[in-house]
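# Examination of the molecular architecture
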Protein chains: 2
Amino acid sequence: MTGVHVIGTGLLGTSLGLALTRAGWTVTLADASPTAQRLAADMGAGTVSDPEAPAVVVVCTPPDVAGPMIVDALRRWPDATVTDVASVKSAVFEAVRRNVGRPDLDRYIGSHPMAGRERSGAIAARADLFTARPWVVCSDEDTPPERLAQVVAIAEAVGAVVTHLDPDFHDASVARVSHAPQVVASLMAAQLRQMPDEGVALAGQGLRDVTRIAASDPGLWTQILAGNAPEVATVLKGIRADLDAVIEALDLRDGALRTLAGAIAAGNEGHDRIPGKHGQAPAKYADITVYMDDEPGSLARLFADVGDLGINVEDVRMDHAPGIMLGSVDISVLPAQAHALVEGLTARGWWVPESELEAAAEDPAGGSTTATHDSPLVGTTTEEGQR
Amino acid sequence: MTGVHVIGTGLLGTSLGLALTRAGWTVTLADASPTAQRLAADMGAGTVSDPEAPAVVVVCTPPDVAGPMIVDALRRWPDATVTDVASVKSAVFEAVRRNVGRPDLDRYIGSHPMAGRERSGAIAARADLFTARPWVVCSDEDTPPERLAQVVAIAEAVGAVVTHLDPDFHDASVARVSHAPQVVASLMAAQLRQMPDEGVALAGQGLRDVTRIAASDPGLWTQILAGNAPEVATVLKGIRADLDAVIEALDLRDGALRTLAGAIAAGNEGHDRIPGKHGQAPAKYADITVYMDDEPGSLARLFADVGDLGINVEDVRMDHAPGIMLGSVDISVLPAQAHALVEGLTARGWWVPESELEAAAEDPAGGSTTATHDSPLVGTTTEEGQR
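Okay, so let's go over this structure. (Residues numbered from 1 in each chain as written. Chains lettered and ligands numbered in written order. Predicted model: local features only at pLDDT ≥ 70, side-chain atom pairs only at ≥ 80, totals over all residues. Heavy atoms only, no water.)

### A word on the overall build of chain A
- Helix and strand counts for chain A stand at 14 helices and 12 strands.
- A buried classification covers 61% of the 387 residues belonging to chain A.
- If you take every contact in chain A between residues at least 6 apart in sequence, the share linking residues at least 24 apart comes to 71%.
- Accessible area of chain A: about 13,500 Å², with a carbon and sulfur share of 51%. (Helix = DSSP H or I, 4+ residues; strand = E, 2+ residues; numbered from the N terminus. Buried < 20%, exposed > 50% of the residue type's maximum accessible area, 1.4 Å probe, protein only. Contact = heavy atoms within 4.5 Å. Areas by Shrake-Rupley, 256 points an atom, 1.4 Å probe, with all protein chains shown as cover.)

Shown next as structure tokens:
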């Protein structure tokens, strides 16, 4: 009884096969589509086979058929540990529990690698898809430790970071950090459909960020939302209640401004909850803006100069000017290094705004007067005029 | 009759003074706060003065007092052209029109530079704040051409890109591309407030992007939302109608899936409307992911190598691994350069996923099998499992 059997050779299944094969594991593959399973095998994800007694079966089908496939696997391989990668966990577990009794049920351990790409299918697979991504594993007190260890070993073999969560907790959490944000981004983007070009042309980085994930696949997301419907509905109803209050406040009756300010302030609080780099607490970084012509090699020269200064870049963000060939790069560094960065880049002829230089010069430690933000990935830039 | 008089020396007024002074213009400054106006003058934004006959007065106060200040300026300097920088235009114009008749009213030309920072006040001012940003100018058939030319000259002197728009069109547009997105981001972020840490820890880049602007200032945004209340309400009601439909569809009755898929698909369409780099039509770029240790100089070495390859970087995005010191950088390049980039970086020892290399190798032109997205700033990465 050896090896991992992967059922479903789409993006996740094929990526898993590639990663496990590379790590020296024996992987067999199956897919309802002969073409898809052959493609995955040709890419090096494993061998197409109907194994006698796999140690672990990983169901990587779309979420809406994960339940039946898990049930089938539990029946077909009575000694195997069975797991899956569906992004909803309670509904899948219930589907299994309705059809499989204990002790066989204990052989199923749900998991959810929080990894994906904008492309789908075996052709988009990557051996490093799971590298450094969270991999949620759902076990309970009845889960045999040796089977749990098998699932954890797979996740760790492909470079993921294992997190143990209760299925209900998982579903409630992803509804809030992933599923509801998808709906919100899509609904906001939908409002741009009928706009005249001259209006959409006023879009700035704020809109781009809010609506980036609105480009996601409707087919996949319909399955995800349907599979986690009650939890998603709970979050969306909370948003709707707040939205109702904001819309009502836009009548500008007495007390309205307090409601508007309260909504934005509540968003500040929620925003502050998002963890920073490497899962640590949000850290303060100093942001330095550098302007440059949009020509080959500009960015290379900039980062070569930053490297010469011995300064580690915590985050980088590019912005592009509308209508002209000029770009800017925001570089986040530790506040204590901001002064050296501004001075060093200016000395090397880079166009760093003078006020950044003054701010850093006033405070050689660079801590308090240089722009800081909460996390390397959540710096704020408004397109609105500010006093 | 010469010079520009800036009323209100906050972020925008001081930045404007700095930029115009640098461009050789004569700038005088005034602010209700003696400290603020002195600080702006000390920073080099102009001289504190009560000018006899300024050619142009720019009202840079907070939006809720812009109307009265414009009226005051029109009365006080009967030959001056008066403009402002408030982010709402119809309400300000109405406030002026109620108090000033023609022909004096024709001396007011509203404008809105679409620029800002996460920090406020004179200390945050930058001479390049307006560089390459849109600057909306609102004129009509009664606007004297020579006065319009004065306002345009100011915008161009500070490096902005002038766009002529009707005030109502402006307000309806910014409600959709700026004000409603702010509300949506804030309401989404507010849902994170009460989450356990283990749940928020599952947050990925999607959530970070959707909620980035939720860190914005409540005081400023209360003024902006109140100043454009009817237009913002129109957009938010549209979103609420769609949200109601999605929430209802989460009951999963007959036809529900079509509603869910339709909402995501409508978001796809709206997302596709957002213009790409340099205001051009959305362009397709190829995204290449490179993994690296999180240590000083890594990014510098990477971009030095990219520069050696003679490849122009269209966009760059960093992502950080939760819990471990490993980062990845997504580099967007023209599809025709993707193959050379992957091969060149791999040859130089960079960890570029093998499947990226294969994809590029299969198609030397790099056009169709390498990941592409619609714009350098709106690449899609989902954290969800995909088939």
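There's more to say after this.
### Quick word on the sheet that holds strand β2 (residues 27–30) of chain B
Residues and elements named next belong to chain B.
- Read across the open sheet, the 5 strands follow the order β3-β2-β1-β4-β5; overall the sheet is parallel. Across the chains shown, the open sheet's two edge strands, defined by having one partner strand only, are β3 (47–48) and β5 (81–84).
- Two elements, β2 and β3, share 2 bridges in a ladder whose sense is parallel. Residue pairing for β3: T28 is matched across the bridge by T47. (Pairing = 2+ DSSP bridges.)

### Some details on the nonpolar core
- Counting residues in each nonpolar core, the largest one holds 56 residues, and the members touching the most others are L236 and L250 of chain A together with L236 and L250 of chain B.
- When residues of this core are traced back to their parent elements, those giving at least two are α6 (167–190), α9 (218–227), α10 (229–249) and α11 (256–273) of chain A together with α6 (167–190), α9 (218–227), α10 (229–249) and α11 (256–273) of chain B.
- Every residue in contact with L236 of chain B, bar those within four places of it in the chain, is listed here: L243, V246, I247 and L250 of chain A together with A180 and V183 of chain B.
- Of all hydrophobic cores here, the second largest spans 44 residues; its members include M318 of chain A together with I288, A300 and V342 of chain B. (Core = buried A, V, L, I, M, F, W, Y, C linked by side-chain atoms within 4.5 Å.)

### Describing the pattern of salt bridges
- Under the definition given, this model contains 26 salt bridges over all chains.
- Of the charged contacts in the structure, one is a salt bridge between R212 of chain B and D209 of chain A, with a shortest N-O distance of 2.3 Å. Taken as a pair, R212 of chain B in the loop between α8 (205–211) and α9 and D209 of chain A in helix α8 (residues 205–211) lie in two separate chains rather than in one. An identical accessibility class is assigned to R212 of chain B and D209 of chain A; each is buried.
- The partner of R240 of chain B in a salt bridge is D244 of chain A, with the nearest N and O atoms 2.8 Å apart. Taken together, the positions of R240 of chain B in helix α10 and D244 of chain A in helix α10 put the pair across two chains.
- The class of R240 of chain B is partly exposed, set by a relative accessible area of 23%.
- For D244 of chain A, a relative accessible area of 30% gives the class partly exposed.
- Several salt bridges share partner residues, and in doing so they unite R102, D106 and D142 of chain A into one network. (Salt bridge = Lys/Arg side-chain N within 4 Å of Asp/Glu carboxyl O.)

### Here's the deal with the environment of I224 of chain A
Residue and element names in this part refer to chain A.
- Checked against the element boundaries, I224 lands in helix α9.
- Its relative accessible area of 0% is what places I224 among the buried residues.
- Expressed as a C-alpha distance, the spacing of I224 and D64, which sit 160 residues apart in the sequence, is 8.2 Å.

### Side note on the packing of aromatic side chains
- Counting across every chain of the model gives 5 aromatic pairs over all chains.
- For the ring pair F303 of chain A and F303 of chain B, a centre distance of 4.9 Å and an interplane angle of 25 degrees mean the geometry is stacked. You can see F303 of chain A sitting in helix α12 (residues 298–308) and its partner F303 of chain B sitting in helix α12 (residues 298–308), one on each of two chains.
- Taking 5.3 Å as the distance between ring centres and 55 degrees as the angle between the ring planes, the aromatic pair formed by F130 of chain B and W135 of chain B counts as tilted. (Phe/Tyr/Trp six-rings, centres within 6.5 Å; stacked < 30°, edge-to-face > 60°.)

### Quick look at the side chain of R147 of chain A
All names here are of chain A.
- Within the element layout of this structure, R147 appears in helix α5 (residues 145–157).
- Here D79 takes part through its backbone oxygen, which lies 3.1 Å from a polar atom of the side chain of R147.
- Excluding residues that lie within four positions of it along the chain, R147 makes contacts with D79, A80, T81, D106, R107 and I109. (Polar contact = N/O pair within 3.5 Å; in protein donor to acceptor, adjacent residues only side chain to side chain.)

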